[in-house]
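Single-letter residue listing:
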Amino acid sequence: PRGVGPSPQPVIEAALGLSYAPPGRHTEEYVRSLAPLLRGEDVAFDGEDFKVRLGGYNAPPAHPIPLLVAALAPRLLPGAGS
């Protein structure tokens with residue numbers, strides 16, 4: 001299985017050049033933007049870390065695509081694995 005999560009600090013800061021200060025919020029917003037896309041839905045999301053507008057060309061998948069979330073801290077535990 002594949003999943004998403006906040007990734008370790010060196011990947012976020014050194015490799016991607018992003019701030020690691022809000023990993024919980026960053027992951028929550030990423031999931032809220034990604035989940036509709038995996039269902040074939042349009043996305044209109046305005047968060048603190050992500051601003052996403054996609055739509056009009058995303059077809060629903062032939063089979064459901066599971067979305068697994070990793071948790072590195074208690075903040076993400078409620079949504080992890082759901």
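The notes below deal with the structure included here. (Residues numbered from 1 in each chain as written. Predicted model: local features only at pLDDT ≥ 70, side-chain atom pairs only at ≥ 80, totals over all residues. Heavy atoms only, no water.)

1. A word on the nonpolar core
No. 1: Core analysis: the biggest nonpolar cluster contains six residues, these being Val4, Val31, Leu34, Ala35, Leu67 and Val69.
No. 2: Excluding residues that lie within four positions of it along the chain, valine 31 makes contacts with Val4, Pro36, Leu67 and Val69. (Core = buried A, V, L, I, M, F, W, Y, C linked by side-chain atoms within 4.5 Å. Buried < 20%, exposed > 50% of the residue type's maximum accessible area, 1.4 Å probe, protein only. Contact = heavy atoms within 4.5 Å.)

2. Looking at the side chain of glutamate 29
No. 1: Within the secondary structure, glutamate 29 sits in helix H2 (residues 23-38).
No. 2: For the buried glutamate 29, no salt bridge is present, and the opposite-charge side chain at shortest range is arginine 25, 4.1 Å distant.
No. 3: A polar contact is formed between the side chain of glutamate 29 and the backbone nitrogen of phenylalanine 50, at a distance of 3.0 Å.
No. 4: Not counting the four nearest positions on each side in its chain, glutamate 29 is found in contact with Phe45, Gly47, Glu48, Asp49 and Phe50. (Helix = DSSP H or I, 4+ residues; strand = E, 2+ residues; numbered from the N terminus. Lys, Arg positive; Asp, Glu negative; His and termini not counted. Salt bridge = Lys/Arg side-chain N within 4 Å of Asp/Glu carboxyl O. Polar contact = N/O pair within 3.5 Å; in protein donor to acceptor, adjacent residues only side chain to side chain.)

3. Quick notes on the pattern of salt bridges
No. 1: A full pass over the atoms with the stated rule returns four salt bridges.
No. 2: Between arginine 25 and glutamate 48 there is a salt bridge; the shortest N-O distance is 3.3 Å. Of the two residues, arginine 25 sits in helix H2 while glutamate 48 sits in the loop between strand S1 (43-46) and strand S2 (51-54), which places them 23 residues apart along the sequence.
No. 3: You can call arginine 25 partly exposed: its relative accessible area is 24%.

4. With respect to a nonpolar patch on the surface
No. 1: Taken together, the side chains of Val11, Leu16 and Leu18 make up a nonpolar region of the molecular surface, amounting to roughly 250 Å² of accessible area.
No. 2: Among the secondary structure elements, leucine 16 is positioned in the loop between helix H1 (9-15) and H2. (Patch = residues over 30% accessible without salt bridge, like charges linked within 9 Å, V, L, I, M, F, W, Y side chains within 5 Å. Areas by Shrake-Rupley, 256 points an atom, 1.4 Å probe, with all protein chains shown as cover.)

5. A look at the packing of aromatic side chains
No. 1: The tally for this structure, following the rule as stated, stands at one aromatic pair.
No. 2: Measuring from ring centre to ring centre gives 6.0 Å for tyrosine 30 and phenylalanine 50, while their planes differ by 50°; the resulting arrangement is tilted. Of this pair, tyrosine 30 sits in helix H2 while phenylalanine 50 sits in the loop between S1 and S2, and the two are 20 residues apart along the sequence.
No. 3: You can call tyrosine 30 partly exposed: its relative accessible area is 36%. (Phe/Tyr/Trp six-rings, centres within 6.5 Å; stacked < 30°, edge-to-face > 60°.)

6. Examining the pairing of S2
No. 1: With four bridges connecting them, S1 and S2 associate as antiparallel partners. Paired with alanine 44 across the strands is arginine 53, a residue of S2.
No. 2: The loop that links S1 with its antiparallel partner S2 comprises four residues. (Pairing = 2+ DSSP bridges.)

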